[in-house]
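The chain contents come next:
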Amino acid sequence: MCWQDSEQIRRTLEAVFNDILITRMHDMPVLNPALAVRALGFNRYNADWAGVLITPWFMNVLLLPSAESQWVTQAPGTKFEQAFPYGSFEFTVADEAQLGRYAQCSLFSPMFQFADQAAAVAAADSALQALLTGPAPHAISRRDLLRGNLARP
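Residues numbered from 1 in each chain as written. Predicted model: local features only at pLDDT ≥ 70, side-chain atom pairs only at ≥ 80, totals over all residues. Heavy atoms only, no water.

Labelled according to an unreviewed UniProt entry, the protein appears under the name Rubredoxin, originating from Methylomonas methanica. We quote the UniProt Sequence similarities (unreviewed entry) comment for the protein here in full: "Belongs to the HupJ family." (UniProt positions renumbered as here; feature names shortened; annotations may be inferred.)

Here we take up the packing of aromatic side chains. By the definition in use, this model includes 9 aromatic pairs. Summarising the aromatic geometry, the rings of Phe-17 and Phe-58 are spaced 5.9 Å apart at their centres and angled 90° between planes, so their arrangement reads as edge-to-face. Pair noted here: Phe-17 is in helix α1 (residues 6–22) and Phe-58 is in the loop between β2 (48–54) and β3 (59–65), with a separation of 41 residues, a long-range link. Taken as a pair, Phe-17 and Phe-58 share a single burial class, namely buried. (Phe/Tyr/Trp six-rings, centres within 6.5 Å; stacked < 30°, edge-to-face > 60°. Helix = DSSP H or I, 4+ residues; strand = E, 2+ residues; numbered from the N terminus. Buried < 20%, exposed > 50% of the residue type's maximum accessible area, 1.4 Å probe, protein only.)

Turning our eyes to something else, we now look at the environment of Gly-77. On the secondary structure map, Gly-77 appears in the loop between β3 and β4 (79–84). Along the primary structure Gly-77 and Ala-94 are separated by 17 residues, whereas in three dimensions their C-alpha atoms are 6.2 Å apart. Residues within four places of Gly-77 in sequence aside, it is in contact with Thr-92 and Val-93. (Contact = heavy atoms within 4.5 Å.)

What follows is about unusual backbone geometry. Cis geometry marks the peptide bond from Ser-109 to Pro-110, where omega comes out at -5°. Mapped onto the secondary structure, Pro-110 falls in the loop between β6 (100–108) and α2 (117–133). For Asp-27, which is not glycine, the phi dihedral falls at a positive 65°. As for its placement among the helices and strands, Asp-27 is situated in the loop between α1 and β1 (38–45). Residue Asp-27 is classed as exposed on the basis of its relative accessible area, which comes to 64%. Located in the positive-phi region is Asn-46, a residue other than glycine, with phi close to 55°. The residue Asn-46 is located in the loop between β1 and β2 in this model.

It is worth spelling out the side chain of Gln-82 at this point. With respect to the element layout, Gln-82 can be found in strand β4. Judged by its relative accessible area of 12%, Gln-82 falls in the buried class. Aside from chain neighbours lying at most four places away, what touches Gln-82 is Tyr-45, Asn-46, Asp-48, Leu-63, Gly-87, Ser-88, Phe-89 and Phe-91.

Put into structure tokens, the structure is as follows:
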């Protein structure tokens, strides 16, 4: 699939995973009935489109490929490391007929810890923001400063 913009990605992911919810996931005990399918935050990151997909059964960071993506030729089930400002994370290559190749990194599964959609969206927003901006700088205490201990943990 050739991804054009974040709105196309949102519409496509939500349609595909709502279809999966209705067909393959119907009546599965891992579904949180308080949640709905929602794709959010998809923007270009290096050669890929990165964002979060919330479903009633998982929350994953997804990478959707562009023509320049290096991992897109890997077989489904293959794992690779992707570096972000926060650190490096393992992604698994997947393939869905209506989407083509994509990569996923699990944040939550199952989703029973979320009371409602707003809580899941807040967690997804926080995770994506942290992933793309990096960890908070380590505070250096006065004692460490005076001792010359400026190393970060």
